[in-house]
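Examining the three-dimensional arrangement
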Amino acid sequence: LIICAVMALVLLVVSGFSEEKETGEQFDVKLNVSSSEYIKEQEEKLKKLIEKIDGAGEVEVMITLESCYENVYLKDSNLKTESTSGVFKEEQEESFVMAKTGSNTQDGVIIKVYEPVVKGVAVVAAGGDDEKVKMAIIETVSAVFNINSANISVEKMRFEGMK
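Residues numbered from 1 in each chain as written. Predicted model: local features only at pLDDT ≥ 70, side-chain atom pairs only at ≥ 80, totals over all residues. Heavy atoms only, no water.

**Describing the overall build of the protein**
If you tally the helices and strands in the protein, you get three helices and nine strands. Listed N to C, the secondary structure of the protein is α-α-β-β-β-β-β-β-β-β-α-β in terms of helices and strands. By residue count, 23% of the 163 residues in the protein fall in the buried class. For the protein, restricting intrachain contacts to residue pairs at least 6 apart in sequence, the fraction spanning at least 24 positions comes to 64%. (Helix = DSSP H or I, 4+ residues; strand = E, 2+ residues; numbered from the N terminus. Buried < 20%, exposed > 50% of the residue type's maximum accessible area, 1.4 Å probe, protein only. Contact = heavy atoms within 4.5 Å.)

**A closer look at the sheet that holds strand β9 (residues 152–156)**
Sheet strands associate in pairs through backbone hydrogen bonding, adopting either a parallel or an antiparallel arrangement. Taking strand neighbours across the sheet as the criterion, the three strands line up as β1-β8-β9 in an open arrangement whose pairing is mixed. A strand with exactly one partner marks an edge of an open sheet, and here the two such strands are β1 (59–67) and β9. Neighbour-to-neighbour, the strand axes of the sheet open up by a mean angle of 10 degrees, direction not taken into account. As judged from the eight bridges shared by β1 and strand β8 (residues 117–125), these two strands associate in the antiparallel manner. From the neighbouring strand, Ser-67 faces β8, where its bridge partner is Val-117. (Pairing = 2+ DSSP bridges. Axes fitted to C-alpha atoms, helices over the stretch in contact; angles between N-to-C directions.)

**Some words on the pairing of β9**
Pairing of β8 with β9, which is carried by five bridges, proceeds in the parallel orientation. What sits directly across from Val-123, in β9, is Val-154. Remark: the β8/helix α3 (residues 131–145)/β9 crossover connection has right-handed handedness. (Right-handed = clockwise from strand over helix to strand, strands pointing away.)

**Some details on unusual backbone geometry**
Residue Asn-146 is not a glycine yet carries a positive backbone phi of 55 degrees. Residue classification places Asn-146 among the exposed residues on the basis of a relative accessible area of 72%.

**Some details on α3**
When the terminal C-alpha atoms of α3 are compared, their 21 Å separation across 15 residues agrees well with the 21 Å that a helix rising 1.5 Å per residue should span. Among the residues of α3, those classed as buried are Val-133, Ile-137, Ile-138, Val-141 and Phe-145. In a view along the axis of α3, the buried residues occupy a sector of 135 degrees, so they form one face of it. Residues of α3 that are exposed and point over 90 degrees away from its buried face: Glu-131, Lys-132, Glu-139 and Ala-143. (Expected span 1.5 Å × (residues − 1). Arc of directions from axis to C-beta.)

**Here's the deal with the side chain of Glu-43**
Here Glu-43 shows up in helix α2 (residues 35–51). Despite its burial, Glu-43 remains without a salt bridge, the nearest opposite charge being carried by Lys-40 at 8.4 Å. In this structure Glu-43 touches Val-61, Met-62 and Ile-63, once residues within four positions along its chain are discounted. (Lys, Arg positive; Asp, Glu negative; His and termini not counted. Salt bridge = Lys/Arg side-chain N within 4 Å of Asp/Glu carboxyl O.)

**Considerations on the pattern of salt bridges**
Scanning the model with the defined rule gives two salt bridges in all. The shortest N-O distance in the salt bridge between Glu-41 and Lys-45 comes to 3.6 Å. Of this pair, Glu-41 and Lys-45 both sit in helix α2, separated by four residues, roughly a single helical turn. Looking at Glu-41, the relative accessible area reads 39%, which means it is partly exposed.

These values are about where atoms sit, not about what they do.
Put into structure tokens, the structure is as follows:
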């Protein structure tokens, strides 16, 4: 029974590993992005999108993150039971499942990657004083990042000639 359980576990890990390897390669592309690079990329995309809103005009965007990428690794768990003088003691032991990634190197097997979570967005737009434009910008940002409108600020852009 133990041998069957071990073989089933090995088959599960081997079949899961071949699928995880493909997904892992996709994760590697995203994981090489730092939080500042991620923010810069998202700000540029959002800026281009908001500038397409009728009346928005020139736009500057700033994004803050609540969290960045987070990896969840596959763990193996063993339960050890000991009996001393009629007293049973159970101990849970956890270890990360490792996979060979190159010549003599090993990495943990990633089973899930949490995407960065946007905390707030500030938008300064030439048309930021128009209530209709302001609402369109807030709705767009809220939809893109799935954040509450209270975490989005839209203001009118001040031009250098004006003070």
